[in-house]
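What follows is each chain in one-letter form.
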Amino acid sequence: MTNNAQRPFGRLLTAMVTPFGADGAVDADGAARLAAYLVDEQRNDALVVNGTTGESPTTTDAEKEAVIRAVVEAVGDRAQVVAGVGTFSTHHTVELARSAEKAGAHGLLVVSPYYNKPPQAGLVKHFTMVADAVDLPVLLYDIPHRTGVAISTETMVNLAGHPRIVGVKDAKGDLAAASWVMRRAEFAYYSGDDAATLPLLSIGGVGVVGTSTHFTGAATKDLIEAYGRGDVTEARRLHLALLPLYTGIFRTQGTILVKAGLAARGLPAGSVRPPLVDATEAELAQLRIDCADAGLPL
């Protein structure tokens, strides 16, 4: 997979946090400023809003729409905006998909229905109904340690045949399974685990949907571009250099540490919503150590 047509959302995407104001409400202006920083300074090709990192479980449908509109207005002329719309209800997911399309999103991220653990036939029906309801490209999200069910190889190949299902954010951590899908179908694989970006590129992946990329984005873009031009030595050097932050951002729930780090840099973030809790002083201190180890001090 080497041509632009096979990178439907570019190479570097960040799953953006949702900034909240002092009153706990969504900070739409802050979302616009953060989006501009991620595109202009961290070199993102696209942003994912309203994903888990964006605290989608605790934002309302109206808040989700407001975030999409703010980010599209801020960066939609120079980066794609991919809206997370996945829920454990197919009908609700379809409603969110249609709302995101009307709000100006360029694509959708649809996670496997979580908690209710549908069979593979249910996954096919769910993703197909969502993709049939809109005219936007759809990126699946395979993260079984959160959802309770993995998208099987056969199901992935089946769904790859849908004209609007263009790829997957892969957080399954199974390179052999990903390889089998890529052997049988033209499907864009984005790493859903920052530290797995280089390994996935090595078997045909196209990029990453990252979390640490709030801070590592520009360097991660360098890594991806180095690999793309055949400079594996430089790609490996960057992978090893950034590893402390690729993994350190997940010492606790990623949103918590991203928001703490953004606040330390004076960027829009705000608190997290319950049941998440803000980073402790000790966690922020460790984040500073991890950032410094990665050559990107807060």
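Residues numbered from 1 in each chain as written. Predicted model: local features only at pLDDT ≥ 70, side-chain atom pairs only at ≥ 80, totals over all residues. Heavy atoms only, no water.

(A) Local environment of the pattern of salt bridges. For the structure shown, the criterion picks out 13 salt bridges. Ionic pairing is found between R43 and D222, a salt bridge with its closest N-O pair at 2.7 Å. Of this pair, R43 sits in the loop between α1 (28-40) and β2 (46-49) while D222 sits in helix α9 (residues 213-228), and the two are 179 residues apart along the sequence. For R43, a relative accessible area of 27% translates into the label partly exposed. For D222, a relative accessible area of 35% puts it in the partly exposed group. With a closest N to O distance of 2.8 Å, R184 and E154 form a salt bridge. One end of the pair, R184, is in helix α7 (residues 175-184); the other, E154, is in helix α6 (residues 153-160), with 30 residues separating them in the sequence. Judged by its relative accessible area of 40%, R184 falls in the partly exposed class. Salt bridges here are not isolated pairs; linked through shared partners, they connect D40, D77 and R78. (Salt bridge = Lys/Arg side-chain N within 4 Å of Asp/Glu carboxyl O. Helix = DSSP H or I, 4+ residues; strand = E, 2+ residues; numbered from the N terminus. Buried < 20%, exposed > 50% of the residue type's maximum accessible area, 1.4 Å probe, protein only.)

(B) Local environment of the pairing of strand β7 (residues 188-191). Every second residue of β7 is oriented toward a common face, with A188 and Y190 on one face and Y189 and S191 on the other, all of them buried. Handedness of the crossover is the feature at issue here: the chain leaves strand β6 (residues 165-170), passes through α7, returns alongside β7, and the resulting connection is right-handed. (Right-handed = clockwise from strand over helix to strand, strands pointing away.)

(C) Examining the UniProt feature "binding site: pyruvate" (unreviewed entry) in the protein chain more closely. In the numbering used here, UniProt assigns the feature "binding site: pyruvate" (unreviewed entry) to T53 and V209. Spanning 157 residues, the named residues form one tight spatial group whose C-alpha atoms are at most 11.0 Å apart. By secondary structure assignment, the location of T53 is in the loop between β2 and α2 (61-75). Along the chain, the position of V209 falls in strand β8 (residues 207-210). (UniProt positions renumbered as here; feature names shortened; annotations may be inferred.)

(D) Structural view of the sheet that holds strand β1 (residues 12-15). Spatial ordering of the closed barrel is given by β1-β2-β3-β4-β5-β6-β7-β8, a layout of 8 strands whose pairing is parallel. Going from strand to strand, the sheet's axes swing by 25 degrees on average, the running direction of each strand aside. The sheet contact formed by strand β4 (residues 107-111) and strand β5 (residues 138-142) spans 4 bridges and is parallel. Paired with L109 across the two strands is L139, which belongs to β5. Packed on one face of the sheet, α2 meets β2 and β3 (80-84) and runs near 165 degrees to β2. (Pairing = 2+ DSSP bridges. Axes fitted to C-alpha atoms, helices over the stretch in contact; angles between N-to-C directions. Contact = heavy atoms within 4.5 Å.)

(E) A look at the packing of α6 against α7. Orientation of α6 relative to α7, taken along the N-to-C sense of each, is 35 degrees, at an axis distance of 9 Å. Relative to α7, the crossing made by α6 is right-handed. Packed against α6, whose contacting residues are T153, E154, M156 and V157, the element α7 presents A177, W180, V181 and R184 at the interface. Among the residues forming the contact of α6 with α7, the class breakdown is 5 nonpolar, 1 polar and 2 charged. (Left-handed = near helix turned anticlockwise from the far one by under 90°. Nonpolar A, V, L, I, M, F, W, Y, C, P; charged D, E, K, R; others polar.)

(F) Examining the nonpolar core more closely. With 65 residues, the main nonpolar core has M16, V71, L108, L140, F187 and Y189 as its most contacted residues. Per-element accounting of this core gives the leading share, 7 residues, to α1. If we ignore the near neighbours within four places in the chain, the residues touching M16 are A31, L34, A35, L38, L47, V48, V49, T53, G54, V71 and H214. (Core = buried A, V, L, I, M, F, W, Y, C linked by side-chain atoms within 4.5 Å.)

(G) Local environment of unusual backbone geometry. In this structure, the amide linkage connecting P274 to the following residue, P275, adopts the cis form with an omega of 15 degrees. Its place among the elements puts P275 in the loop between α11 (254-264) and α12 (281-293). Here the phi dihedral of N50 falls at roughly 65 degrees; this positive angle occurs in a residue that is not glycine. One can find N50 in the loop between β2 and α2.

(H) Seen up close, the UniProt feature "site: Part of a proton relay during catalysis" (unreviewed entry) in the protein chain. In the numbering used here, UniProt assigns the "site: Part of a proton relay during catalysis" (unreviewed entry) feature to T52 and Y115. With respect to the secondary-structure elements, T52 resides in the loop between β2 and α2. Under the relative-accessibility criterion, T52 is labelled partly exposed at 29%. Those residues within four positions of T52 in sequence are excluded, and the remaining contacts are R146, Q253 and T255. Relative to the helices and strands, Y115 is located in the loop between β4 and α4 (120-132).

(I) Broad picture of the pairing of β4. Burial within β4 is extensive, with 5 of its 5 residues counted as buried. Across 3 bridges, the pairing between β3 and β4 is parallel. Its bridge partner being in β4, G84 is matched across the sheet by L109. Following the backbone out of β4, through α4 and into the adjacent parallel β5, one traces a crossover that is right-handed.

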